[in-house]
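# What the coordinates show
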Amino acid sequence: MKKFGVASKVIFCATLVGLGFSVCGAQETLRSLAEERGRYIGAILNSEWFNNSIESQFEEIHKTQFNAVVAENEMKFDATEPNKGQFSYNKGDRMVAYAKSNKMRVRGHALAWHSQVPGWVNNIRDKQQLLAVLKNHIDNVVGHWKGEVAEWDVVNEAINDDNNHGWRSNGSVWFQTIGAEFLDSAFVWAHAADPDAELCYNDYAIEWGLGQGSKAGFVVDQVKRWKQNNIPITCVGTQTHIEISHETTPQNVRALAKALAEYDVVLNITELDIGFPKGSANNLGASDYAKQGHLYRQFMDVFLEEPNMGEFMIWGVTDAHSWLDGQQGKTQGLIYDKQYKAKPAYDSLIASLKAHPASEVKSPYKSAATQDTTAQDTTTRDTTVRDTTVKDTTVKDTTAQDTTTRDTLTTPGPVVSDTGNVSIRRGTATLTDVRMNLVGRTLSIVGASNAKVQVFDMRGRPVYSAVTSKGSVDLSAISDGLYVVRVKVGSKTLERRVALR
Ligand code: G3I
C-alpha cells in the first residue's frame, strides 16, 4: 500500500550510475520505500549547501533518497536572530523552498538551546528580559515558518550529563537566568505561534537506556509531567550520535519509544550517525562497514516496528561533509562515503525497509495515504492526560507556584484570546482595583461582586466558566495542572497563570 502520495520511485538511470547504483530503470530509493510505509527518512542540508560550496551530487542524492530535511545550522538562534529583534530568514527560506519543490517535510532545529546563542542573548542576566527575548524569538521564527515547518525542536539538550535527573545549568543562559520554566514556556509559545506544528524535546545520549539516573528516564518523567500539565509537547527526538561499538543502542531506542507511547508522544531519530574512532580511519575494511550497516539496519528495524516513530533523520549525507571529523574524534559515520558512493549501510537500510511490508508498518501520521509531505501532519494521538496520580517533584514553575494576590503578571505568562486560543504575551492585567486570590481550589475575586471566571488549559481550551457567587468560585472539579485564569469585570480583564494541585 502506498501511504504517501509522493511519486519518488525514481527513473534516474543516468544520474544514479556513479552514485552507488548500477541498475537502470525505476529505482527503489530510501525515500520511495519510506513513503510507502507512511514514514519519513531525511538528512540535513549541510552548511556547505547553504553556502553553495558543496558538490552537485549532494543535492541529487538528497532529494532522491530523502523526504524530510533539516538545516544543520541555519535555523538556530544565532542564525535567525543574530542581533536583537533583527531576524534573518534567507537561508531557512531557501531550505523551505527546496523542501516544497521536492515535497519534503521540514524539521525546524532548534528554538531554545544553550549552544549557538548569540552574545547579546548570553549577556542577559534579567529573568523577565530573557523570557521576553525567548518569547519574541519563538513568536517570530515559528510564526515566520508557520505551516511550513512541520516540526520544531522546541528545546534542545537541556538535560545535564551528570546522571542525576537534573537540568543543564553550566553554559545555559536559559536555565541560569530563567530557571526550568523556560522549557514549559517555550512549548506553550511555540504552540501558540503554530498550533499545527509538532513540538519536540530533542537531546543526545537518550539512546543509552532507561536505567536509574538516565537522561532517557528523566525525559520520560518530564513528558509525563508536561502531559499532566497540558504542555503541548508531541514528540521527543533522540539525536543518536553513536559509535560503532554502541551495539545496545537500537534496543534502547525501542524501549524509549515504548515508554513514550504511554503518553501518546512520538519518538523520532533526529541526528543519527554511527562513527568509527578517528584513529582507525586508515584501517577500516569491509567487515567494519558491514558492522556499521548492521547497526544502521537495527535502527531502521526498530523505527519501522514501533508505531509511534515517524522520522529517521541522518546528520549528514556523505562522509565528505560531517561534523564528526571536525568536532568529535569520530569519522565516516554516514551512509555515503567521501566520493558519494553508497556504503553497505545504505543497502542495509533498503533491506530493512523491504523486510517490513508497508501493510505491517504503522504510521503515527494520520491520512498519510494522500498527503503532500510538505503539509502539516495531523497526528492520531489524543492529547488526553492519562495519568494524573503522580505529582511533579522535579520542576516547579515558579510563576505558577505564586498564589498571592497581585494585579500584574511577573512573567510573560500565557494570555488567552477571545477565540480561546492561547496567545502568550507579557502579562498586563489591567484591573488595579480588582484582585484574584487562589487558596487551595477556591478562587476569590476581591473588589468586584460580579465577575466572570474562565479557566483555560495551556493549549487554550476552555475547561471552566462561571460567574462568581459571593465573590468566589470553587475550582475543585478541574484536574491538577497549569492553567490560565481569566476574570472579567465589565469590559476589563485580569489574567493569571496558576497551578492547581
Ligand atoms: O559560522 C562560522 C563561519 O563563519 C566560519 O567560516 C566557520 C569556520 O569554521 O565556522 C562557522 O561556524 C561553525 C558552524 O558550525 C557553521 O559551519 C562553528 O564554528 C561550528 O561550531 C558549527 O558546528 C555545528 C555544531 O552543531 C555547533 O554546535 C555543526 O556544524 C553542526 O553539525 C552541529 O550540530 C549539532 C546539532 O545542532 C545538535 N546536536 C549535535 C549536533 C552535532 O554537534
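Refer to the structure presented above.
Here the structure is a predicted model, which means the values were calculated and not measured.

### What to know about the site of the ligand
Near the ligand, the surroundings consist of 15 residues, among which E72, K76, H109, E271 and Q327 are the closest. In this structure, W315 approaches the ligand through a side-chain N or O atom, which is 2.9 Å from an oxygen atom. Taking 790 Å² as the accessible area of the ligand by itself, protein coverage stands at 51%. For the shell around the ligand, the secondary-structure elements that each account for two or more residues are strand 5 (105–113) and helix 14 (323–327). The residue makeup of the shell around the ligand, split by class, is 3 nonpolar, 8 polar and 4 charged.

### Focus on the side chain of S322
In this fold, S322 is placed in the loop between strand 11 (309–314) and helix 14. Judged by its relative accessible area of 17%, S322 is buried.

### A closer look at the packing of helix 8 (residues 127–144) against helix 10 (residues 181–193)
Close contact between helix 8 and helix 10 brings their axes to 9 Å; oriented N to C, the two are set at 30°. Put simply, helix 8 runs roughly parallel to helix 10. Of the two possible hands of crossing, helix 8 and helix 10 adopt the one that is right-handed. Residues K127, L131, L134, K135, I138, D139, V142 and G143 of helix 8 form the contact with helix 10, whose participating residues are E181, F182, S185, A186, W189, A190 and A193. A class-by-class count of the residues in the contact of helix 8 with helix 10 yields 9 nonpolar, 2 polar and 4 charged.

### Details of helix 15 (residues 344–355)
With 12 residues, helix 15 should cover 16 Å at 1.5 Å per step; its first-to-last C-alpha distance of 16 Å lies within 8% of that length. For helix 15, every residue scored as buried is listed here: A345, Y346, S348, L349, I350, S352 and L353. Along its buried surface, helix 15 packs onto helix 2 (30–36), helix 4 (56–65), helix 13 (286–305) and strand 11.

### A short note on the sheet that holds strand 16 (residues 442–446)
The 3 strands lie next to each other as 15-16-19, forming an open sheet whose pairing is antiparallel. Looking at which strands have only one partner, the edges of the open sheet turn out to be strand 15 (435–439) and strand 19 (472–474). Ignoring which end each strand starts from, the neighbouring axes of this sheet average 20° apart. As judged from the 3 bridges shared by strand 16 and strand 19, these two strands associate in the antiparallel manner. Looking across to strand 19, one finds that S444 is bridged to S472.

Reading the values: the criteria
- Residues numbered from 1 in each chain as written.
- Predicted model: local features only at pLDDT ≥ 70, side-chain atom pairs only at ≥ 80, totals over all residues.
- Heavy atoms only, no water.
- Near = heavy atom within 4 Å.
- Polar contact = N/O pair within 3.5 Å; in protein donor to acceptor, adjacent residues only side chain to side chain.
- Areas by Shrake-Rupley, 256 points an atom, 1.4 Å probe, with all protein chains shown as cover.
- Helix = DSSP H or I, 4+ residues; strand = E, 2+ residues; numbered from the N terminus.
- Nonpolar A, V, L, I, M, F, W, Y, C, P; charged D, E, K, R; others polar.
- Buried < 20%, exposed > 50% of the residue type's maximum accessible area, 1.4 Å probe, protein only.
- Axes fitted to C-alpha atoms, helices over the stretch in contact; angles between N-to-C directions.
- Parallel < 35°, antiparallel > 145°, perpendicular 65-115°, else oblique.
- Left-handed = near helix turned anticlockwise from the far one by under 90°.
- Contact = heavy atoms within 4.5 Å.
- Expected span 1.5 Å × (residues − 1).
- Pairing = 2+ DSSP bridges.

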